[in-house]
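Inside the fold
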Amino acid sequence: MVNNQVFTCCRLLALLLLAATLPAWQAAQSAQEFAAPAATHCHVFIEGGANKDEDVEDQMGVLRAAVNCSGVEGAIAVNDVVQQAMSSRVTGAATVCNSSGTAPLGPDSCLLTVCGTSRVRIVGSTIRNVRFDSSSSPITHALCVLGSAVVTVHDSVIASNSFSAVAVVDTARLVMTASRVLENYGKGYAGGVTVIGNASAAIVDSLVQGNEMFNMQVRPGPAVGPSVGPEPNIGPVMGPSAGPGPVIGPNLRPGPAIGPSLGPVARAPPEPFVATTGAGLHVGGTAHGILSGTTVSKNKCSLCCGGGLGVTGQGVLIVMNGSVVENNGASIGGGGACVQGAATLVVKGSSSVSSNQADDSGGGVLASGSSSVTITDASLISNNTCVMQGESIGSGRGGGGVSSRDSARLLLGNHARLVDNWASKGSGGGVLSSNRSSLTITPGVEMAGNRVDDGHLGPDIATFDSVALDIRHGVRYQSGDMSKCSDTVYLGRAPCGVGEYIVSDACMCCPVYTYGFEPNMAECRQCPSNAFCSSDSVVP
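Figured I'd write up the structure that's included with this text. (Residues numbered from 1 in each chain as written. Predicted model: local features only at pLDDT ≥ 70, side-chain atom pairs only at ≥ 80, totals over all residues. Heavy atoms only, no water.)

1. Description of the pairing of strand 19 (residues 288-292)
To keep things clear, this is the line we draw: A 1.4 Å probe rolled over the protein chains alone gives each residue an accessible area, and that area as a share of the maximum for its type sets the label: buried under 20%, exposed over 50%, partly exposed in between. Strands here mean DSSP runs of E at least two residues long; helices mean DSSP runs of H or I at least four residues long; both are numbered from the N terminus. The criterion for strand pairing is that DSSP finds at least two bridges linking the strands in question.
Counted residue by residue, strand 19 has five buried out of five residues, so it is predominantly covered. Of the two faces of strand 19, the one carrying His 288, Ile 290 and Ser 292 and the one carrying Gly 289 and Leu 291 are both buried. The pairing of strand 15 (residues 200-204) with strand 19 spans five bridges and is parallel. Bridge pairing in strand 19 places Ser 200 opposite His 288. For strand 19 and strand 23 (residues 316-320), the ladder comprises five bridges, and the chain directions are parallel. Paired with Leu 291 across the bridge in strand 23 is Val 319.

In structure tokens form, the structure reads like this:
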């Protein structure tokens, strides 16, 4: 246990040192997020009787519960449904909760609430198998962190609940280490973790897996995305800083830090804040998030965008230190991650976005609006798939690895790798950039093994509709379509041949429905209406 604590302290110190190398706003945010003092220590055990796929009435709700805290009285508030399942009830001084109108969250909608200026550390705890009737229960989250509270969650499990796991709002801060968030179901919120307002969250050496989000703004349809897999075994927490925590069970007595009784249970559920992106993790508003050494896998977004991650508004999410985003699915683009509005996503530090699947566009990542996505620092985008409904040649839809559109900005740099991605019935097996977006690729980037279906454009790169394209000398990729011009293009070569045109410092094949008979053309010619064109040929 001592070694685990030393390792965790050293890791957090290293992350603080890393913050010094980031831009000023990122450094300040990172240092703030990881400096999380905790005056109140809590062990929590909350359990229901229903398995993940069961709705048996007598197994609904909380069947067993124990909350044992030491420290500041009233720092954590316990919902009535939890207190009713405890062997005795102890109330402490009330803590003022103020969500500042960010979302309808508070003690009535969360099993546990930390708010005001409280500092709480939750260790070795479990919240699992709790289910409620969604038509009558106000419960939307297992844990809510509100106001300017700071919460550290370590070596804990939140799993198989019929509501979302964690919400962090206002200016609150969450640090989660060596913990697991598994198979929770969110309606309008991420099934895993939601960070909104001006809040911040750092998730370190943890697992976010098998969570689902259902978009409350549209009618339900068939579930789309990869299978979430069997129900996980809730055993020892994975991760280098994990270790056996204390055994917590219903025999624990509640301590004096328990908050007040929170009134009757049977209230109408609040109108939910609708995230619409990110089943595993959603970062919105002006919030900031960091994933470090964390795996986000097998999450599913039904009728929404972003199976694993969602970043909206002016939110910022940094995925770093070998984090893995894999095997997630979304029915409206962005199987691994969906970035909207003016949000920012950075994938760095040998992290990976792999084996995700989406309908429409962006099997790995979908960027839209005026958002910004950077893939850098030897990070990997691989084996992602976007599956189109119907043919879409020339439509600007696809992007097996990454898709950027609208005014989004996509930067691939510093030895990033895009390999073995597939756009099924779409364009851009590796990257699709369309609709006035910008695409920058710097030297050292590798693209290989990406593919599209026969007759579609760009195994590695496809662009449409006034894209600002900046591909630096030294990048190697495949531009091939169904034409006879060279599939492999080296930037900086001259002259460009027949059936090719010059883009920045590159020679690219003329796209479908265009052709070119002269070398070194600045643009390809449009195909006559009565002919079929294929780069260097025109067939009447």
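2. A look at the packing of aromatic side chains
Put simply, the rule is: By convention, a stacked pair of Phe, Tyr or Trp rings (six-membered ring in the case of Trp) has centres within 6.5 Å and planes under 30 degrees apart, an edge-to-face pair has planes over 60 apart, and any other such pair is tilted. Each ring is checked for a lysine NZ or an arginine CZ that lies within 6 Å of its centre and within 35 degrees of its normal; such an atom marks a charge sitting over the ring.
This structure, assessed with the given rule, holds one aromatic pair. Here the guanidinium or amino end of Arg 451 rests over the ring plane of Trp 422, the centre of that ring lying 4.3 Å away.

3. Structural notes on the pairing of strand 27 (residues 344-347)
Sheet topology places strand 23 next to strand 27; four bridges connect them, and they run parallel. Across the sheet, residue Ile 318 finds its bridge partner in strand 27, namely Val 346. When strand 27 meets strand 31 (residues 372-375), the two strands line up parallel, connected through four bridges. Counterpart to Thr 344 in the pairing with strand 31 is Ser 372.

4. Structural notes on the side chain of Thr 194
Stated formally: We call two residues contacting when some pair of their heavy atoms lies within 4.5 Å.
Looking at the secondary structure, you find Thr 194 in strand 14 (residues 193-195). Residue class for Thr 194 comes out buried when judged on its relative accessible area of 1%. Apart from residues no more than four positions distant in its own chain, Thr 194 is found in contact with His 141, Val 166, Ala 167, Val 168, Tyr 189 and His 282.

5. Here we look at the sheet that holds strand 42 (residues 461-463)
We count it as follows: Note on definitions: angles span 0 to 180 degrees between N-to-C directions of axes, and those axes are lines fitted to C-alpha atoms, for helices only across the stretch in contact.
Taken in spatial order, the twelve strands of this open sheet run 3-4-7-10-14-18-22-26-30-34-38-42, and their pairing is mixed. Because the sheet does not close on itself, it has two edges, and the strands there are strand 3 (76-78) and strand 42. Here the average twist between neighbouring strands, direction ignored, is 10°. Strand direction decides the pairing type here: strand 22 (residues 309-311) and strand 26 (residues 337-339), joined by three bridges, are parallel. In the sheet register, Leu 309 faces strand 26, and the bridge partner there is Ala 337.

6. Points about the sheet that holds strand 17 (residues 212-214)
Taken together, the eight strands give an open sheet; going across it, the order is 13-17-21-25-29-33-37-41, and neighbouring strands pair in parallel fashion. Looking at the sheet topology across the chains shown, the edges are occupied by strand 13 (185-187) and strand 41 (451-452). Relative to strand 17, strand 13 is paired through three bridges, and the arrangement is parallel. Directly across from Tyr 185, in strand 17, lies its bridge partner Glu 212.

7. Observations regarding the pattern of salt bridges
Under the convention used in this document: Salt bridges are counted wherever a side-chain nitrogen of Lys or Arg sits within 4 Å of a carboxyl oxygen of Asp or Glu.
Per the stated rule, a full pass over the model turns up four salt bridges. Between Arg 64 and Glu 47 there is a salt bridge; the shortest N-O distance is 2.9 Å. Of this pair, Arg 64 sits in strand 2 (residues 64-70) while Glu 47 sits in strand 1 (residues 40-47); the two residues are 17 residues apart in sequence, bridging distant segments of the chain. Linking Glu 47 and Arg 128 is a salt bridge whose minimum nitrogen-to-oxygen distance equals 3.0 Å. Of the two residues, Glu 47 is situated in strand 1 and Arg 128 in strand 6 (residues 126-128); the sequence distance between them amounts to 81 residues. Judged by relative accessible area, Glu 47 falls into the buried class, the value being 10%. On the basis of relative accessibility, which here comes to 22%, the residue Arg 128 falls in the partly exposed class. Look at the salt bridges and you will find they share partners, linking Glu 47, Arg 64 and Arg 128 into a network.

8. Digging into unusual backbone geometry
In this structure, Ser 355 is a non-glycine residue whose phi angle is positive, near 55°. Mapped onto the elements, Ser 355 comes out in the loop between strand 28 (352-354) and strand 29 (357-359). A positive phi angle, close to 50°, is found at Asn 414, a residue other than glycine. With respect to the helices and strands, Asn 414 occurs in the loop between strand 35 (409-412) and strand 36 (417-419). Asn 414 gets classed as partly exposed once you look at its relative accessible area, which sits at 40%.

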